[in-house]
Amino acid sequence: QQQVKQSPQSLIVQKGGISIINCAYENTAFDYFPWYQQFPGKGPALLIAIRPDVSEKKEGRFTISFNKSAKQFSLHIMDSQPGDSATYFCAASPVLRFGNEKLTFGTGTRLTIIP
Amino acid sequence: NAGVTQTPKFQVLKTGQSMTLQCAQDMNHEYMSWYRQDPGMGLRLIHYSVGAGITDQGEVPNGYNVSRSTTEDFPLRLLSAAPSQTSVYFCASRRTVTEAFFGQGTRLTVV
C-alpha cells in the first residue's frame, strides 16, 4: 500500500519556466512533509519541508504548497534552471513522539530543465 | 565533517553469496535506517534503528539483517544474495524527524 503518491514520474520544463510536482497522502497522522533532491550518483538531500500548520513555505525559488483538507502537497520551482535537473522525492512522517516514526517516500520525479 | 559514509560504492555478487554493506555516521544521531532505491519504486525502507541495540523491520526486510552495536555504525547484511536484491542502497541518519542525512549509496548488482 503506497501511502504517498507522487506525480508526474518525469517532467521536462523549459529554462525559466515553473516546475510543479504533486504528492498526495493517505495517513492523517502525517505531520511533517519534506522534499528531497537527488543528483545522479548522489544520495538524496533535504531541499525544503513543511508542517501542516501553514499552507505555504517558500525558500528562494522553491515553494511548498500544502492543502490539509485534500491531503495534498506540491513543490513549485520558479524560474527553473538547468542546475535544477535532478530527481525529486516527496516524503511524509508522523510527528516525532516515540522516536521510531518512519519517513515514507513517494516514487520520485525526474525533472529535466532544457535550455 | 564526514556525515554518513557508506562502503563499498559498487559491488557485484553472485547469487547465493553473502556480504555486508557498511554505514557509519559521525553526527551522534540516534536514528539510522537503510533504504533501497529501484526505478519507479522510490525509496523503500528495509530496516531501521532508534539507538544502539534496537532495530526493527521496515517495508521490505526479507533477505536482509541488521545490527546496531554502536551509535555510529549500522551495517546491512545480505544473507544469500538474489538477483531481486540488485538495487542502489542508501543509509540515512537523523537526530529528529526534521532532516535525514543520506550517504552516497552502494550500487549492488547480483548476477
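Summarised in this report is the structure supplied together with it. From a predicted model like this one, the values you see are computed outputs, not experimental measurements. (Residues numbered from 1 in each chain as written. Chains lettered and ligands numbered in written order. Predicted model: local features only at pLDDT ≥ 70, side-chain atom pairs only at ≥ 80, totals over all residues. Heavy atoms only, no water.)

### Details of the overall build of chain B
To be explicit about the condition: Helix numbers and strand numbers start at the N terminus; a helix is a DSSP run of H or I with at least 4 residues, a strand a run of E with at least 2. All radius of gyration figures rest on C-alpha atoms, and the globule criterion is 2.2 Å times the number of residues raised to 0.38. Burial here depends on accessible area, computed with a 1.4 Å probe over protein chains only, as a share of the maximum for the residue type. Under 20% is buried, over 50% is exposed, and the range in between is partly exposed. Two residues form a contact once any of their heavy atoms are found within 4.5 Å.
Helix and strand counts for chain B stand at zero helices and eleven strands. The helix and strand sequence of chain B, counted from the amino end, reads β-β-β-β-β-β-β-β-β-β-β. For 111 residues, the compact-globule estimate of 2.2 N^0.38 gives 13 Å, and chain B sits close to it at 13 Å. Considering chain B as a whole, with its 111 residues, one finds that 49% of them fall into the buried category. In chain B, the share of contacts with a sequence separation of at least 24, taken over all contacts with a separation of at least 6, comes to 52%.

### What to know about the interface of chain A and chain B
This is how the line gets drawn: What counts as a salt bridge is simple: a side-chain nitrogen of Lys or Arg found within 4 Å of a carboxyl oxygen of Asp or Glu. The definition of a polar contact used here is a pair of N or O atoms within 3.5 Å, where within protein one atom must be able to donate a hydrogen and the other to accept one, and adjacent residues in sequence count solely through side-chain atom pairs. When residues are grouped by polarity, Ala, Val, Leu, Ile, Met, Phe, Trp, Tyr, Cys and Pro land in nonpolar, Asp, Glu, Lys and Arg in charged, and all others, Gly among them, in polar.
Listed per partner, the contact involves 22 residues of chain A and 20 residues of chain B. Summed over the shared surface of chain A and chain B, the result is zero salt bridges. If you look at where chain A meets chain B, you find two residue pairs in polar contact (both at pLDDT 80 or more). Taken together, the residues that form the side of chain A that touches chain B break down as nine nonpolar, nine polar and four charged.

### Some words on the side chain of Gln38 of chain A
Mapping Gln38 of chain A onto the fold places it in strand β4 (residues 30-38). Reaching out from Gln38 of chain A, the side chain makes a polar contact with the backbone oxygen of Lys42 of chain A at a distance of 2.9 Å. Contact partners of Gln38 of chain A, with chain neighbours within four places excluded, come to Gly43, Pro44, Ala86, Thr87 and Phe89 of chain A together with Gln37 and Phe90 of chain B.

### Considerations on the environment of Asp73 of chain B
Residues and elements named next belong to chain B. With respect to the secondary-structure elements, Asp73 resides in the loop between β7 (64-66) and β8 (76-78). With relative accessibility at 34%, the residue Asp73 sits in the partly exposed group. Expressed as a C-alpha distance, the spacing of Asp73 and Gly16, which sit 57 residues apart in the sequence, is 25 Å. Asp73 has contacts with Cys23, Ala24, Met32, Ser67 and Arg68, leaving out every residue within four places of it along the chain.

### Observations concerning the sheet that holds strand β3 (residues 19-25) of chain B
Residues and elements named next belong to chain B. Going by this rule: By the convention used here, strands pair only if DSSP detects at least 2 bridges between them. Each axis is a line fitted through C-alpha atoms, taken for helices only over the stretch in contact, and angles between the N-to-C directions span 0 to 180 degrees.
In spatial order, the strands read β1-β3-β8-β7; together these four strands make up an open sheet with antiparallel pairing. The open sheet has two edge strands with one neighbour each: β1 (4-7) and β7. Pairs of neighbouring strands in the sheet enclose a mean axial angle of 20°, with direction left out of account. Inspection of the sheet shows β3 paired to β8 by three bridges, in the antiparallel sense. Paired with Leu21 across the bridge in β8 is Leu76.

### Concerning the pairing of strand β9 (residues 86-94) of chain A
Residue and element names in this part refer to chain A. Within β9, eight of the nine residues are buried, leaving the element largely enclosed by the surrounding structure. Bridge analysis of β9 against strand β11 (residues 109-114) gives three bridges, and the strand direction is antiparallel. When the sheet's bridge partners are listed, Tyr88 is paired in β11 with Thr109. Alignment of β9 against strand β10 (residues 104-105), held across two bridges, turns out to be antiparallel. When the bridges of β10 are listed, Ala92 appears paired with Thr104.

### Notes on the state of the cysteines
All names here are of chain A. To keep things clear, this is the line we draw: The definition used for a disulfide is geometric: two cysteine sulfur atoms within 2.5 Å.
Inspection of every chain in the model, using the stated rule, returns two disulfides over all chains. At a sulfur-sulfur separation of 1.9 Å, the disulfide partner of Cys23 is Cys90. Judged by the torsion about the S-S bond (-95°), the Cys23/Cys90 disulfide is left-handed. Of this pair, Cys23 sits in strand β3 (residues 19-25) while Cys90 is found in strand β9, placing the two residues 67 residues apart along the sequence. Owing to a relative accessible area of 3%, Cys23 belongs among the buried residues under this scheme. Taking relative accessible area as the criterion, Cys90 reaches 0% and is therefore assigned buried.

### Some details on unusual backbone geometry
Omega for the peptide link from Ser7 of chain A to Pro8 of chain A comes to -5°, which places this bond in the cis form. As for its placement among the helices and strands, Pro8 of chain A is situated in the loop between β1 (4-7) and β2 (10-14). Note the cis peptide between Thr7 of chain B and Pro8 of chain B, where omega equals -5°. Along the polypeptide, Pro8 of chain B turns up in the loop between β1 and β2 (10-13). At Lys71 of chain A, a residue that is not glycine, the phi angle is positive and equals roughly 55°. The residue Asp79 of chain A is not glycine, and still its phi comes out positive at about 45°. The topology assignment puts Asp79 of chain A in the loop between β8 (72-77) and β9.

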